[in-house]
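One letter stands for each residue in the lines below.
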Amino acid sequence: MSNTREIDLTDSNARLNYLQRIFDSSLNGIMVFRAVRDAENRIIDFEWVMANTKAGELTGRPADELVGKRVLDMMPETLNDVLFAQYVRLIETGETVDYEHHHKYGDFEPWLHVTASPLDDGFVAIFTDISQQKQLKDDLIAKHDELDRFFLLAMDMLCIANTDGYFLKVNKAWEDTLGYSITETENRSILDFVHPDDVQATIKAVGELSAQKPVLNFINRYRHKHGGYRTIEWRGVPQGKLIYAAARDVTGQKELEANQAQLIGIVESTLSGIIGKNLDDIIIAWNPGAEAIYGYTAEEMIGQSIDRLVPKDRVHELAANLDRAKAGGYVDRYETVRIRKDGTRVNVALTISPIKDKHNQVIGVSTINQDIGELKKTQDALRESEARYRAIVDTMTEGVLLQLSDGTIQACNTAAERILGLTLDQMMRRTPTNFTWRTINEDGTPLPTTQLPHMLTLTTGKPQSNMTMGVCKADLPVTWVLVNSEPLFQPDSALPYAAVSTFVDITDRKQMEKQRLVLELEKERVKLLAQFIEQSSHEFRTPLTVMQSSLSVLMQTDNEAKREQKAAVIEAQIDGLTRLVDMLQRMSQLDSRGSIELEPGLVNDIVAEVAATTQYAAAEAHVKLRFEAGEGLPSVLLNEDYLQEAIRQLVENAIRYTPAEGTVTLCTTQQDSSVIIEIADTGIGIPADSLPHIFERFYRLDSAHSTPGFGLGLPIAQSIVETHGGKIVVESEPHKGSVFKIMLPCA
Ligand code: ADP
């Protein structure tokens, strides 16, 4: 500098002066102190040795006033300062002081940075005013805190991540949006949260940020802690290895957009015509459906008045409806006529509603238009075909009933009225239980309501066909009906909502059938009778022939011995015929009686009686007859005489068809709920091919009649056992013997 004077620093005065000037003009406060000690040499205070101008400013006193003064005298509060203790330690240990001190002196409260180092028995302290820096720092901290709070509390999801894709810091909004706490998110990889399908795109976005390019409006899906995904829109800015990003949950918005798109799609694709009008009846929207109905394109109609669609005679009607919608009301399915572009008329159904803005103000009117021309035609056709069906149903001779799932009659035809003998009014909305009816099965047993064909159809969902049932009304004869019942289903329903029953009156048919049956039975009876007469006359003819020839010998001869012999033959034949007549009578009695009187009795008593009465015949034939009576047998319902006769027939057969020295064993047992009477013999047995026939009347194996018998014993026994509710079974083997078993139900 030109005006700088050269100073000769070799001159000690000049040098002192120079130092003095630097000392005084320093921007730092510089003070030199000397320790003040007590008698024990303890430092009790400090005395200013030197102080520069700045030091004076900082302490709030002129510097020259300080020199020679004691610190505690000038500033007694200094004793409590940390600084004072540090000065003492500095002198005692030589440890330098480097300290930030908030100096308070009256209103003057600077922040001072103090460095002090020992000098003789004192120290030199240099003070720098750092109040401003301090303020700046505080401001910075406050700002940082503010940002931190803002970061934490911001509604947007904010985060700091690194370019390796790890979250470093996230705010509370993350927790609120995705459910993971801040600590669960921080230091985790971003990809841990990303929807698998969005991982590639996310990696790409992080790549862009690493390349220091900002990423705006990036959308990906994040897994929510409690399931599902949220759609998140991102804006990220890179700064070195850090990424600062703000994100928003746009899930709802995305759905809304999708919904909106869907709605637009619906409006565009719907077959109904949708027309929007403003309050001046000018068309503002016209969808393809409207074009299909009226023939005008959207270009032709938007901006036009709706009037061109309306026939003259309908104008007033339109105005009334539009006014209603403009007042916020709705008009639901109102049928009217409109004019197409080609001038033809079209039947339409209109649903008119107001269009409102977000403040709920009506700003227009929308109409949904449906071409009901086809519908009308279909309806007419339906009505026509229904009428046709109705006519057919009514002229049918078959009764038709429609019954709902609770059995109530919903519809019926005239034939149903006629067959059931009830009027339409008597039947409608009633159930068959409301009538004084009794329904019966074909065999006459009661048919409960739940088993009626339509009820079975309603409860099972299955059709019932050709069920015969009788309807008994008061004293009238039974009406027999043949019923078919079909279920009716609603779509997607497993059980029918109704059943249609059709039925025909078969009372006459049944009557005829019955007559036919009686006739047939009669025929059968006559046939059997003829057969019986034929067979029995055959049985009579043989003995009669024998008797006739014996009688002619008897009459022609005088030989006494011969006459006696022939008389004996005739007698024997008469005996035989008497027995035959007895048996025929028995047979006819059994045939005509149908039932015999039964009472509880013990089978053993009956068998013992038969064994006793046949003992003689057995002895004569040299056949051993044994009876093994079962013990503790229950009683059975029996007719003593008849049952004895049945058993006797079997025992006599057993004796007759068992050669001498054979055995006939009678035994009684119980098997389940039956008492069994067994007649076993060691006789000639019966060939297998004859077994099925032995119970037929007049059937005999011995066609040569070499053994006595008429082939009526077994039929009689069987008939008796059957009237006891039992049965006879037989097992036999030729040359080994036969076993006949009578099974009777226990009483
Ligand atoms: P019949 O009076 O001829 O014995 P049944 O009706 O009693 O008439 O028997 C019919 C036929 O069955 C007999 O003719 C006989 O051939 C055969 N039969 C019946 N019981 C026996 C038996 N215990 N052993 C062998 N054959 C028998």
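Residues numbered from 1 in each chain as written. Predicted model: local features only at pLDDT ≥ 70, side-chain atom pairs only at ≥ 80, totals over all residues. Heavy atoms only, no water.

> Break down the site of the ligand for me, with residues and values.
Around the ligand, the structure places 21 residues, and the nearest of them are N653, R656, D681, R700 and L714. In the model, an oxygen atom of the ligand is placed 3.4 Å from a nitrogen or oxygen of the G713 main chain. Notes on the ligand: free accessible area 520 Å², of which the protein chains cover 98%. Of the residues belonging to the shell around the ligand, the class tally is 12 nonpolar, 6 polar and 3 charged. (Near = heavy atom within 4 Å. Polar contact = N/O pair within 3.5 Å; in protein donor to acceptor, adjacent residues only side chain to side chain. Areas by Shrake-Rupley, 256 points an atom, 1.4 Å probe, with all protein chains shown as cover. Nonpolar A, V, L, I, M, F, W, Y, C, P; charged D, E, K, R; others polar.)

> Give me the sheet that holds strand β21 (residues 498–505): which residues, what numbers.
Across the sheet, which stays open at both edges, the 6 strands sit in the order β17-β16-β21-β20-β19-β18 with antiparallel pairing between neighbours. This sheet does not close on itself; its edge strands, each paired only once, are β17 (409–412) and β18 (437–440). Between one strand axis and the next, the sheet turns through 30° on average, direction left out of account. The pairing of β18 with strand β19 (residues 464–473) spans 4 bridges and is classified as antiparallel. (Pairing = 2+ DSSP bridges. Helix = DSSP H or I, 4+ residues; strand = E, 2+ residues; numbered from the N terminus. Axes fitted to C-alpha atoms, helices over the stretch in contact; angles between N-to-C directions.)

> Describe the packing of helix α19 (residues 560–593) against helix α22 (residues 713–723), with residues and values.
Between α19 and α22, whose axes approach to 10 Å, the crossing angle comes to 30°. As far as their axial angle goes, α22 and α19 are roughly parallel. Considering only the axes of α19 and α22, their crossing is left-handed. Mapping the contact onto sequence places M583, R586, M587 and L590 in α19 and G713, P715, I716, S719 and I720 in α22. Across the contact of α19 with α22, the residue classes break down as 6 nonpolar, 2 polar and 1 charged. (Parallel < 35°, antiparallel > 145°, perpendicular 65-115°, else oblique. Left-handed = near helix turned anticlockwise from the far one by under 90°. Contact = heavy atoms within 4.5 Å.)

> Can you break down the confidence of the model for the protein chain residue by residue, with the values?
In this model, the protein chain carries an average pLDDT of 85, and 90% of its residues clear a pLDDT of 70 or more. Ignoring residues within four places in sequence, the model shows residues 1–5, a span with pLDDT below 50, making 0 contacts including any to other chains. (pLDDT = per-residue confidence, 0-100.)

> Explain the pattern of salt bridges to me, using residue names and the numbers behind them.
According to the stated counting rule, one finds 24 salt bridges in the structure shown. Among the ionic pairs, R230 bridges to D249, the shortest N-O distance being 2.9 Å. Of the two residues, R230 is situated in strand β9 (residues 229–239) and D249 in strand β10 (residues 242–249); the sequence distance between them amounts to 19 residues. The class of R230 is partly exposed, set by a relative accessible area of 29%. Within the structure, one salt-bridge network assembled from shared partners comprises D38, E40 and R42. (Salt bridge = Lys/Arg side-chain N within 4 Å of Asp/Glu carboxyl O. Buried < 20%, exposed > 50% of the residue type's maximum accessible area, 1.4 Å probe, protein only.)

> Outline the packing of aromatic side chains, listing residues and values.
For any two aromatic rings, the description comes down to two numbers: the centre-to-centre distance and the angle of the planes. Summed over the entire model, instances satisfying the criterion amount to 15 aromatic pairs. Ring centres of W174 and Y222 lie 5.9 Å apart, and the angle between their planes is 65°; this geometry places the pair in the edge-to-face category. Highlighted residues: W174 in helix α7 (residues 172–178) and Y222 in strand β8 (residues 215–223), separated in sequence by 48 residues. Judged by relative accessible area, which is 1%, Y222 ranks as buried. Ring plane angle 45° and centroid distance 5.7 Å describe the contact between Y222 and W234, whose orientation is recorded as tilted. With Y222 in strand β8 and W234 in strand β9, this residue pair connects regions lying 12 residues apart in the sequence. For the residue pair Y222 and W234, the accessibility class agrees, reading buried in each case. Feature note: the residues F33, F46, W48, F84, Y87 and F123 constitute an aromatic cluster, connected by ring pairs. For the cation-ring pair, K510 lies above W480, with the distance from its terminal atom to the ring centre recorded as 4.6 Å. (Phe/Tyr/Trp six-rings, centres within 6.5 Å; stacked < 30°, edge-to-face > 60°. Lys NZ or Arg CZ within 6 Å of the ring centre and 35° of its normal.)

> Could you give an account of the sheet that holds strand β11 (residues 273–278), with specific residues and numbers?
Pairing in this open sheet of 5 strands is antiparallel, and the strands run β12-β11-β15-β14-β13 from one edge to the other. One side of each edge strand has no neighbouring strand; the edge strands of this open sheet are β12 (283–286) and β13 (331–339). Averaged over all neighbouring strand pairs, the angle between strand axes comes to 30°, with direction disregarded. In this structure, β11 lies alongside β12, joined through 3 bridges in antiparallel fashion. Counted as the bridge partner of K277 is I283 from β12. Here helix α13 (residues 315–326) sits on the sheet in contact with β11, β13, β14 (345–356) and β15 (362–371), set at roughly 145° to β13.

> Outline the pairing of strand β1 (residues 29–37), listing residues and values.
On a regular strand, each side chain points to the face opposite its neighbour's, so the side chains alternate between the two faces of the sheet. Burial within β1 is extensive, with 7 of its 9 residues counted as buried. As defined by bridge partners, β1 adjoins strand β5 (residues 122–129) across 6 bridges and the pair is classed as antiparallel. Note on β5: the bridge partner recorded for F33 is F123. In terms of strand pairing, β1 meets strand β2 (residues 43–51) through 7 bridges, oriented antiparallel. By the bridge assignment, M31 is partnered in β2 with A51. Connecting β1 to the antiparallel partner β2 that follows it, the hairpin turn spans 5 residues, and N41 within it adopts a positive phi of roughly 70°.

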